[in-house]
Amino acid sequence: MRNRAENRFNRRRRANLVLALGSAVTIGLLMMATLTTATAQTVYEFRMAHSEAIGTPITEAFETWGKVLKERSGGRIDAKHFPAGQLGNYTQLIEGSRLGTIQATAGGPDTEEAVAPEIAVTGLGFIFKDEAHVDRVLQGSIGKEMSDIARQKTGVEFIDYPEVGFRHLLTKKPVNNLAEVKGLKLRVPELKVWVNFWKALGANPTPMAYAEQYSALSTGVIDGLEADFFSINGFKWYEQAKHLALTYHWFLPKAVRVNAKWLDSLPPDLQKLVRDTAKEVFAEQRKINRANTTKALDQLKAQGVKVVQPPDLAQWQAVTAPLYDDYAKQFPKAGPMIEKIKALR
């Protein structure tokens, strides 16, 4: 009798144990499923805002990048694109990318003159020889070094370097040579490196926000500006100034600046996706930009813009060459960077 009772007790105990274990496994699986679902449903807002004109190759590339991120992340990155200064002017957007109020923008490394002058050397006139030289600099170790410095000092990562190309001189009256630059009121970026450059050439540089240029031309506040073909077309500055001197004085790389804290907050697979797709999309942007440069110039000619090639550009370069040493003396860390860039010409 006692043995039968013990056997019944043991059988009930084993049954209860199996039931308990089954319940525990079920609960565990439910918890894992819940966590997995929660992770899969986490959506990261990615606001891209910049001041580039609608319809330009760089704006089209940002639009493409946003679509690629949404698609390849399975909707985990919700990319939103705000071009042409919709969320603020250039300076405000640069600051927003640092603070994280927007997650990405585009802007030249020269913008960091006050914070990281060693990477602002890209703003020195005539520092880039040609597009091949630009690629050797920015698509190699120097581009990576600039990104590392920007991350450390400004809180943004330069994940790639699209471009708008070489800049030229657009004015209300013809500029056929260096002598005719003298006294011209020219809009320049709000950076000392550019004020010094145009002063050396004899102009009267006028620092001004990017978005104010059309009205400044129309009211006579400035006599001209310097810009790439695509921007002149996109912002219709040719309506107010009909003379274009092909000076090739500055090549403008537009670093794609992503807020580092936002980037670091992503799961590793999405961090990789953001970096990899940026390199893919903006490599194509550079190809498109360069392939369409002549077409953009032809469009300006069709709008009645008179185009000249000053024959004395070597003199322009000679007059401004001492600015390299001046900049290196003012910012000692910039000296080695200048020499590395020059060595790749």
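Conventions used here
Residues numbered from 1 in each chain as written. Predicted model: local features only at pLDDT ≥ 70, side-chain atom pairs only at ≥ 80, totals over all residues. Heavy atoms only, no water. Helix = DSSP H or I, 4+ residues; strand = E, 2+ residues; numbered from the N terminus. Buried < 20%, exposed > 50% of the residue type's maximum accessible area, 1.4 Å probe, protein only. Areas by Shrake-Rupley, 256 points an atom, 1.4 Å probe, with all protein chains shown as cover. Salt bridge = Lys/Arg side-chain N within 4 Å of Asp/Glu carboxyl O. Pairing = 2+ DSSP bridges. Axes fitted to C-alpha atoms, helices over the stretch in contact; angles between N-to-C directions. 1 Å grid on protein atoms, 1.4 Å probe; cavity = no way out; pocket = protein on both sides within 12 Å on 5 of 7 lines; lining within 4 Å. Points joined across faces, edges and corners; volume = space filled by probe spheres on them. Arc of directions from axis to C-beta. Contact = heavy atoms within 4.5 Å. Polar contact = N/O pair within 3.5 Å; in protein donor to acceptor, adjacent residues only side chain to side chain. Phe/Tyr/Trp six-rings, centres within 6.5 Å; stacked < 30°, edge-to-face > 60°. Lys NZ or Arg CZ within 6 Å of the ring centre and 35° of its normal. Parallel < 35°, antiparallel > 145°, perpendicular 65-115°, else oblique. Left-handed = near helix turned anticlockwise from the far one by under 90°. Nonpolar A, V, L, I, M, F, W, Y, C, P; charged D, E, K, R; others polar.

Bringing the overall build of the protein chain into the picture now. In terms of regular secondary structure, the protein chain is built from 14 helices and 11 strands. Per-residue burial for the protein chain yields a buried fraction of 49% across its 345 residues. Carbon and sulfur atoms make up 56% of the accessible area of the protein chain, which totals about 16,300 Å².

Here the structure, examined in full by the defined rule, presents 22 salt bridges. A salt bridge links D269 to R76, with the nearest nitrogen and oxygen atoms 2.8 Å apart. Residue D269 is located in helix α10 (residues 268-291), and its partner R76 is located in the loop between α2 (57-72) and β2 (77-82); the two are separated by 193 residues in the primary sequence. Taking the shortest distance from any N to any O, the salt bridge between E157 and R151 comes out at 2.9 Å.

Overall, mixed pairing links the 6 strands, which are arranged β7-β6-β8-β5-β9-β11 in an open sheet. Among the strands making up the open sheet, the edge pair consists of β7 (204-207) and β11 (306-308). Each adjacent strand pair in this sheet contributes to an overall mean axis angle of 40°, direction not counted. Relative to strand β8 (residues 224-227), strand β6 (residues 185-188) runs parallel, the two being bridged by 2 bridges. From the neighbouring strand, R187 faces β8, where its bridge partner is L225.

To continue, consider the layout of surface pockets. A volume near 370 Å³ is recorded for the largest pocket. Surrounding the largest pocket, 20 residues form its lining, Y90, T91, T111, P189 and E190 being those nearest its centre. Within the residue set of the lining of the largest pocket, elements represented by two or more residues are α3 (90-99) and β9 (243-253). The biggest single contributor to the lining of the largest pocket is α3, with 5 residues.

Turning to helix α4 (residues 131-138), a few remarks are in order. Every buried residue of α4 is listed here: H133, V134, V137 and L138. The arc that holds every buried residue of α4, seen down its axis, measures 115°, which confines them to one face. At its buried positions, α4 is contacted by α5 (141-154), β9 and α14 (334-343). For α4, the capping residue at the N-terminal end is D130, with a side-chain oxygen 3.3 Å from the backbone nitrogen of A132.

Phi at F126 takes a positive value of approximately 60°, unusual for a residue other than glycine. Within the secondary structure, F126 sits in the loop between β3 (104-107) and α4. For F126, a relative accessible area of 11% gives the class buried. At Y248, a position not held by glycine, the phi torsion is positive, near 50°. Looking at the secondary structure, you find Y248 in strand β9.

This part takes up the packing of aromatic side chains. Evaluated as defined, the whole model comprises 17 aromatic pairs. Measuring from centroid to centroid gives 5.7 Å for F166 and Y248, while their planes differ by 70°, and the two rings are edge-to-face. Of this pair, F166 sits in strand β5 (residues 163-171) while Y248 sits in strand β9, and the two are 82 residues apart along the sequence. On the basis of relative accessible area, F166 is assigned to the buried category, the value being 14%. Its relative accessible area of 36% is what places Y248 among the partly exposed residues. Taken together, the aromatic side chains of F46, F62, W65, W262 and F282 make up a single cluster linked through ring pairs. Sitting over the face of the ring of Y210, K254 holds its NZ or CZ atom 5.9 Å from the ring centroid.

Turning our attention to the side chain of R286. Counting through the fold element by element, R286 comes out in helix α10. Each residue touching R286, except ones within four places of it in the same chain, is listed here: D135, Q139, D160, Y161, P162 and E163.

We now examine the packing of α5 against α14. Where α5 contacts α14, the two axes come as close as 11 Å, and the packing angle between them is 155°. With respect to α14, the element α5 is oriented roughly antiparallel. The element α5 and its partner α14 pack so that their crossing is left-handed. Of the residues in α14, those touching α5 at I142, E145, M146 and I149 are M337, K340 and I341. Residue classes in the contact of α5 with α14 are distributed as 5 nonpolar, no polar and 2 charged.

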